Amino acid sequence: MPAVHLSIAAGAEEIVAEQAISPAQVQAGLMFRKEMSENSGMLFVFSDPHRASFWMRNTVLPLTCAYIDPNGVILEIHDMKPLDESSIEASSDNVQFVLEMNRGWFARHNVSTGAVVRTGRGSLVETYFGRR
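Note that the coordinates shown come from a computational prediction; the quantities given were computed from them, not determined experimentally. (Residues numbered from 1 in each chain as written. Predicted model: local features only at pLDDT ≥ 70, side-chain atom pairs only at ≥ 80, totals over all residues. Heavy atoms only, no water.)

**Considerations on the overall build of the protein chain**
How we decide: Helix and strand assignments follow DSSP, with helices taken as H or I runs no shorter than four residues and strands as E runs no shorter than two, numbered in order from the N terminus. Our radius of gyration is a C-alpha quantity, and the globule rule it is checked against amounts to 2.2 Å times the number of residues to the power 0.38.
Scanning the protein chain for helices and strands turns up three helices and ten strands. Ordered by position from the N terminus, the helices and strands of the protein chain form the series β-β-α-β-β-β-β-β-β-α-β-β-α. Here the C-alpha atoms of the protein chain give a radius of gyration of 13 Å, agreeing with the 14 Å that 2.2 N^0.38 yields for 132 residues. Here the C-alpha coordinates of the protein chain stretch approximately 35 × 30 × 30 Å along the principal axes.

And the structure:
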């Protein structure tokens, strides 16, 4: 599946993210990757909002994940440790998207909770599910 171009915080940051949409893509995530460029990541897309829980099985890259609501608002940001299979559960049950980036990317780029993630086609929900 082709990557999607994302913008965060009114277009201040541009990211090229691989898309994890199918169950197999979501399960594999960034497993076994050895490197990823600074403004690259992976966007996980879920059909409905839920209480997300992520871990780092077979993932050697140090990552930071952002739990994102249906409106594209970053609710939580968590650093994850390579190969750590401990779940990092969201405190909200309204997570529909998760964006994984190299560890520290959000801090280095001054992106924090409350920032909005969009694509060139509009909101994340519009991009992936049309108008609901």
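Back to the write-up after that little detour.
**Observations concerning the layout of surface pockets**
Over the atoms rolls a probe the size of a water molecule, and its path tells where empty space is left. The criterion, for reference: Buriedness for pockets is judged along seven lines, at least five of which must meet protein on both sides within 12 Å for an open set on the 1 Å grid over protein atoms alone, while cavities are sets there where a 1.4 Å probe fits but cannot get out, and lining residues have an atom within 4 Å of a point. Grid points are joined across faces, edges and corners, and a volume is the space filled by probe spheres set on the points.
As a volume, the largest pocket reaches approximately 270 Å³. Along its surface, the largest pocket is lined by 16 residues, and V26, Q27, M31, F54 and W55 are the ones closest to its centre. When residues of the lining of the largest pocket are traced back to their parent elements, those giving at least two are α1 (23–28), β3 (40–50) and β4 (53–54). When residues of the lining of the largest pocket are assigned to their parent elements, the largest contribution, four residues, is made by α1.

**With respect to the pairing of strand β1 (residues 4–8)**
Note the following rule: The buried label applies to any residue whose accessible area, calculated with a 1.4 Å probe on protein chains only, is under 20% of its type's maximum; exposed applies above 50%, and partly exposed to all values in between. Paired strands, as defined in this entry, are two strands with at least two bridges between them according to DSSP.
Where burial is concerned, most of β1 is hidden: four out of the five residues are buried. Pairing analysis gives five bridges linking β1 to strand β2 (residues 13–20), with the strands arranged antiparallel. In the sheet register, V4 faces β2, and the bridge partner there is A17. Examined bridge by bridge, β1 and strand β9 (residues 117–119) share three bridges and lie antiparallel to one another. When the bridges of β9 are listed, S7 appears paired with R118.

**Digging into the sheet that holds strand β8 (residues 95–102)**
What the eight strands build is an open sheet, ordered β6-β5-β8-β3-β2-β1-β9-β10; its pairing is mixed. Strands at the two margins of the open sheet, each flanked by one partner only, are β6 (74–80) and β10 (122–123). Taken together, the six bridges between strand β5 (residues 63–68) and β6 define a ladder with antiparallel strand orientation. Bridged to A66 within β6 is I77.

**Overview of the pattern of salt bridges**
In plain terms, the rule: Salt bridge, as applied in this entry: a Lys or Arg side-chain nitrogen positioned within 4 Å of an Asp or Glu carboxyl oxygen.
Enumeration over the complete set of coordinates arrives at four salt bridges. In this structure, E18 and R33 form a salt bridge, with 2.7 Å as the shortest nitrogen-oxygen distance. Of the two residues, E18 is situated in strand β2 and R33 in the loop between α1 and β3; the sequence distance between them amounts to 15 residues. On the accessibility criterion, R33 (28% relative accessible area) is partly exposed. For E85, the salt bridge is made with R57, and the minimal N-O distance between the two is 3.0 Å.

**Looking at the environment of A20**
Our working definition: Every residue pair with non-hydrogen atoms within 4.5 Å of one another is taken to be in contact.
When you line up the elements, A20 lands in strand β2. You can call A20 buried: its relative accessible area is 0%. Along the backbone, A20 and L43 are 23 residues apart, and their C-alpha atoms lie at a distance of 6.0 Å. A20 has contacts with Q25, V26, M42, L43, F44 and V45, leaving out every residue within four places of it along the chain.

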